[in-house]
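Here's the letter readout for the chains.
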Amino acid sequence: MPSPGVPRDAGSSASLLIFPDEILGEIFLRLDSADDLARASAACTAFLRVARFLRLRRHLYRRPVVGFLRSEGPSLAIRRQPRLLHHAEPPHRDASAGRGLAQLVDLTFSFIPDPNSWRICDAGDGRLLLAPRAAVTTAGFVDLVVCDPLHRRYVRIPPVPDDLPTGTFPDDIPTGNFRWGRFPLLAPTGEEESSFGVVWMVKLDGKAAAFVFSSATGKWRRVTFGGWRGNGAIMLTSCRYYAHKSLCQTSGLFTDVLMLDTRRMEFSMLRIPRVRLGQLHAIVEAGEGRLGLLTIGDGMLDLYCKAWQDNGAGSAEEWQHEKTIPLPGADSLSYAFSGVGSGYLLLRGFPRGSSMLASSSQEVPKVQYCTLEVKTLLMERLCVSNKCIDFAYLYANFPLLSLPTV
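To keep things clear, this report deals only with the structure shown in the data block. Just so it is clear, the structure is predicted and the values come from calculations on it, not from any experiment. (Residues numbered from 1 in each chain as written. Predicted model: local features only at pLDDT ≥ 70, side-chain atom pairs only at ≥ 80, totals over all residues. Heavy atoms only, no water.)

1. A look at the overall build of the protein
To be explicit about the condition: By the criteria applied, helices consist of DSSP H or I runs no shorter than four residues and strands consist of E runs no shorter than two, each listed in order from the N terminus. Burial here depends on accessible area, computed with a 1.4 Å probe over protein chains only, as a share of the maximum for the residue type. Under 20% is buried, over 50% is exposed, and the range in between is partly exposed. For this analysis, residues touch if any pair of their heavy atoms sits within 4.5 Å. Each accessible area is a Shrake-Rupley result for a 1.4 Å probe, and residues are judged covered by the shown protein chains and nothing else.
When its secondary structure is counted, the protein shows six helices and 24 strands. A total of 406 residues make up the protein; the buried ones form 51% of that total. Taking all contacts inside the protein whose residues are at least 6 apart in sequence as the whole, residues at least 24 apart take part in 54%. On the protein, roughly 18900 Å² of surface is accessible, and the fraction owed to carbon and sulfur atoms is 54%.

See below:
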């Protein structure tokens, strides 16, 4: 970094310390969040110069999780409920960032043509993946848009080339076939934050395929896999997680996890420990070179780990149980995983003894939503709501220091 650090005030004594920019940078890197860095940068021009330099390296900071958005499935296309960012509330450490971002993001999509015709399919790294409201996952490769609601920018994703799916699946599969399913997702991001990817996951019986678009190349690629045990119906009710730049598809019905490495364009299967029926689980990164499995059961969060080889496959090492963490208020709350994003899991705590049969549009007793930071296993209450939301997308972004993501 260039030259000198803290300026002297005109009326101050000559004994004030002057820190070089390198030392200021080390100090700023130890701030808790990018929000703190933004406040520090307002102190003087020297701080601002260093902050601008660090802004280009914001991946070194923990990305604030400012809230979550509910999943907008085809059923929500008819009700057209107001779109809401459920932002972080005190005492969550990202509460101030959540309040600020909730006022800045444009979730009406007024910057996109025909804004009322889009629904949210996925979210990650400040981006939202949108698809037409009228389309369902079995209707084919529909138009897709990736947008940045903070900076009010969007890009239309080119359609999948007509010849790319040829021969992947039979051509005569009727729409609505329960064995058949396809849906779009955002791909795991690489080292270059300005680029992104979109994945169409397609499954029929024991076969899976992925059509992957890269914003860096502007092209689609295809990869197929023949060892999937589930069908399209299982896929539509399963959960997806990210670990070691791979997309992980899990289902509570199987001990197999379908993994897609979008860098190598390779599928693989990962076997996880057999857990009790109804015990929920999530795949996470557990530090350098390790893969983690989190399970929820009996008011406890259990972590299992194994070595991970960066060649698209886990090691032959068996899973090892590492720790058990009591869930707060587990005597009165029943927990489940509800979302994932940017190194966090979203957990939903539903009051025990209350009915969960009400739709997400109906009021229920107070539901607690918590974030779990995967790296530290720190669990914090994000917010409380009278809406029970089964599937949601965590939204993480830098409110003041972010750059456009599309």
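Back to the write-up after that little detour.
2. Examining the environment of His86
By the element assignment, His86 lies in strand 2 (residues 86–87). Classification of His86 by relative accessible area gives buried; the value is 11%. Between the alpha carbons of His86 and Ala102 there is a distance of 8.2 Å; along the sequence they are 16 residues apart. When residues no more than four places from it in sequence are discounted, the contact partners of His86 are Val66, Gly67, Phe68, Leu382, Cys383, Ser385 and Ile389.

3. Quick look at helix 5 (residues 95–104)
Rule in force here: Working note: the arc is built from the helix axis to C-beta atom directions.
Every buried residue belonging to helix 5 is among Ala95, Ala97, Gly98 and Leu101, and all of these are buried. What you see down the axis of helix 5 is that its buried residues fit within an arc of 150 degrees, all on one side.

4. Things to note about the pattern of salt bridges
What counts here: For salt bridges, the criterion is a side-chain nitrogen of Lys or Arg within 4 Å of an Asp or Glu carboxyl oxygen.
Inspection of every chain in the model, using the stated rule, returns eight salt bridges. For Asp261, the salt bridge is made with Arg263, and the minimal N-O distance between the two is 3.5 Å. Judged by its relative accessible area of 3%, Asp261 falls in the buried class. We classify Arg263 as partly exposed; its relative accessible area is 44%. One salt bridge connects Glu322 with Arg290, and the closest N-O pair in it is separated by 2.5 Å. Of this pair, Glu322 sits in strand 19 (residues 320–326) while Arg290 sits in strand 16 (residues 290–297), and the two are 32 residues apart along the sequence. For Arg290, a relative accessible area of 29% gives the class partly exposed. A single salt-bridge network, built from bridges that share partners, covers Arg93, Glu373 and Glu380.

5. Digging into the sheet that holds strand 6 (residues 153–157)
Definition in use: Pairing between strands is defined by DSSP: at least two bridges between them are needed. Each axis is a line fitted through C-alpha atoms, taken for helices only over the stretch in contact, and angles between the N-to-C directions span 0 to 180 degrees.
Taken in spatial order, the four strands of this open sheet run 3-4-5-6, and their pairing is antiparallel. The sheet is open, and its two edges are formed by strand 3 (118–124) and strand 6, each paired on a single side. Going from strand to strand, the sheet's axes swing by 25 degrees on average, the running direction of each strand aside. Both strand 3 and strand 4 (residues 127–132) contribute to a ladder of six bridges, which runs antiparallel. For Trp118, the partnering residue across the bridge sits in strand 4 and is Pro132.

6. Points about the sheet that holds strand 14 (residues 266–271)
In a beta sheet, neighbouring strands are held together by backbone hydrogen bonds and run either parallel or antiparallel to one another. Strand order across the open sheet formed by four strands is 11-12-13-14, with antiparallel pairing between neighbours. In this open sheet, the two edge strands, each paired with only one partner strand, are strand 11 (239–243) and strand 14. Shown here is a sheet whose adjacent strand axes are inclined to one another by a mean of 25 degrees, direction ignored. For strand 13 (residues 256–261) and strand 14, the ladder comprises six bridges, and the chain directions are antiparallel. By the bridge assignment, Asp261 is partnered in strand 14 with Glu266.

7. Re empty space enclosed by the protein
As a reminder, the rule being used: Only protein atoms enter the 1 Å grid used here, on which a cavity is any set of points holding a 1.4 Å probe that cannot leave and a pocket is any open set flanked by protein within 12 Å on both sides along at least five of seven lines; residues with an atom within 4 Å of a point are listed as lining. Grid points are joined across faces, edges and corners, and a volume is the space filled by probe spheres set on the points. Three classes are used, and their members are as follows: Ala, Val, Leu, Ile, Met, Phe, Trp, Tyr, Cys and Pro are nonpolar, Asp, Glu, Lys and Arg are charged, and the others, Gly among them, are polar.
Under the criterion given, the structure shown has two cavities of 30 Å³ or more. For the largest cavity, the calculated volume is near 50 Å³. Along the walls of the largest cavity sit Phe141, Val142, Asp143, Leu144, Ile157, Pro158, Pro159, Val160, Trp200 and Trp220, which together make up its complete lining. Grouping the constituent residues of the lining of the largest cavity by class yields nine nonpolar, no polar and one charged.

8. Observations regarding the nonpolar core
Where we set the bar: Remark: nonpolar core denotes a set of buried residues (Ala, Val, Leu, Ile, Met, Phe, Trp, Tyr, Cys) joined through side-chain atoms within 4.5 Å.
By size, the foremost hydrophobic cluster in this structure holds 32 residues, and its most contacted members are Tyr241, Ile283, Leu294, Phe337, Leu345 and Leu347. At the level of elements, strand 11, strand 13, strand 15 (280–285), strand 16, strand 17 (300–309), strand 20 (333–341), strand 21 (344–351) and strand 22 (363–373) are the ones that each hand at least two residues to this core. Formed by 20 residues, the second largest nonpolar core is a distinct cluster that contains Leu69, Phe111, Cys147 and Tyr395.

9. Quick word on unusual backbone geometry
Going from Pro90 to Pro91, the amide bond is cis rather than trans, its omega being 10 degrees. Along the chain, the position of Pro91 falls in the loop between strand 2 and helix 5. Even without a glycine there, the phi angle at Asp114 is positive, about 50 degrees. The topology assignment puts Asp114 in the loop between helix 5 and strand 3. Positive phi, close to 55 degrees, is recorded for Asp298, a residue that is not glycine. Within the element layout of this structure, Asp298 appears in the loop between strand 16 and strand 17. Asp298 gets classed as exposed once you look at its relative accessible area, which sits at 66%.

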